[in-house]
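Architecture and fold: a report
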Amino acid sequence: MQTLTLDEARKDIPGIPAGTRVAFNDSKGRVRIGTVRLKEVRCGHRGCTKCPHHIYAYAQYRVGNKVTEKYIGIAR
C-alpha cells in the first residue's frame, strides 16, 4: 500500500480515496502514520438546510488508546 506525505495529500485531495495511508509530523515532531477519512461536517448554524456544505479529509491516527485526527483539507 502506498503511503503519502501530508504535503502530497494536500496537493491532490480530490484524488485521494478513503483508506490511503498518510505520514506526517505531529506537534511534537514525531512521525505519525494515519489513514485518510472523509467526513461530512455540519456548519453548526441552526436551521441550515444546505448542510453538509463540503466533505472534508482528515488523517486519522492513534496515540496510545486515543484516536486523533489531523485536518488535511476540503475533499469535495
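First, a word on what this report is: a plain description of the structure on this page. What you see is a predicted model, and the numbers here were worked out from it, not measured in a lab. (Residues numbered from 1 in each chain as written. Predicted model: local features only at pLDDT ≥ 70, side-chain atom pairs only at ≥ 80, totals over all residues. Heavy atoms only, no water.)

With respect to the packing of aromatic side chains
Tallied over the full model, the rule gives three aromatic pairs. Relative to Y61, the ring of F24 lies with its centre 5.1 Å away and its plane at 75 degrees, an arrangement referred to as edge-to-face. Taken as a pair, F24 in strand β2 (residues 21–25) and Y61 in strand β4 (residues 55–63) lie far apart in primary sequence, 37 residues in all. In this pair, the class of F24 matches that of Y61, namely buried. Three or more aromatic residues joined by ring pairs form one cluster here, namely Y56, Y58 and Y71. The ring of Y58 has K39 sitting right over it, with the charged end atom 5.1 Å from the ring centre. (Phe/Tyr/Trp six-rings, centres within 6.5 Å; stacked < 30°, edge-to-face > 60°. Helix = DSSP H or I, 4+ residues; strand = E, 2+ residues; numbered from the N terminus. Buried < 20%, exposed > 50% of the residue type's maximum accessible area, 1.4 Å probe, protein only. Lys NZ or Arg CZ within 6 Å of the ring centre and 35° of its normal.)

Details of the environment of V31
Mapped onto the elements of the fold, V31 is located in strand β3 (residues 31–40). Judged by its relative accessible area of 60%, V31 is exposed. What V31 contacts, discounting residues up to four positions off in sequence, is F24 and N25. (Contact = heavy atoms within 4.5 Å.)

Observations concerning the pairing of β4
Moving residue by residue along a regular strand, the side chains alternate between the two faces of the sheet. When β3 meets β4, the two strands line up antiparallel, connected through six bridges. Counted as the bridge partner of K39 is Y56 from β4. With eight bridges joining them, β4 and strand β5 (residues 66–74) adopt antiparallel strand pairing. The residue bridging Q60 from the neighbouring strand is E69, located in β5. The antiparallel hairpin formed by β4 and β5 contains two residues in its connecting segment, where G64 sits at a positive phi of about 65 degrees. (Pairing = 2+ DSSP bridges.)

Focus: the nonpolar core
Judged by nonpolar contacts, the single largest core of 13 residues is most densely connected at V22, F24 and I72. For this core, the secondary-structure elements that each account for two or more residues are α1 (6–11), β2 and β4. A total of three residues in this core trace back to one element, the largest contributor, which is β4. In this structure I72 touches L6, A9, R10, I13, V36, A57, Y58 and A59, once residues within four positions along its chain are discounted. (Core = buried A, V, L, I, M, F, W, Y, C linked by side-chain atoms within 4.5 Å.)

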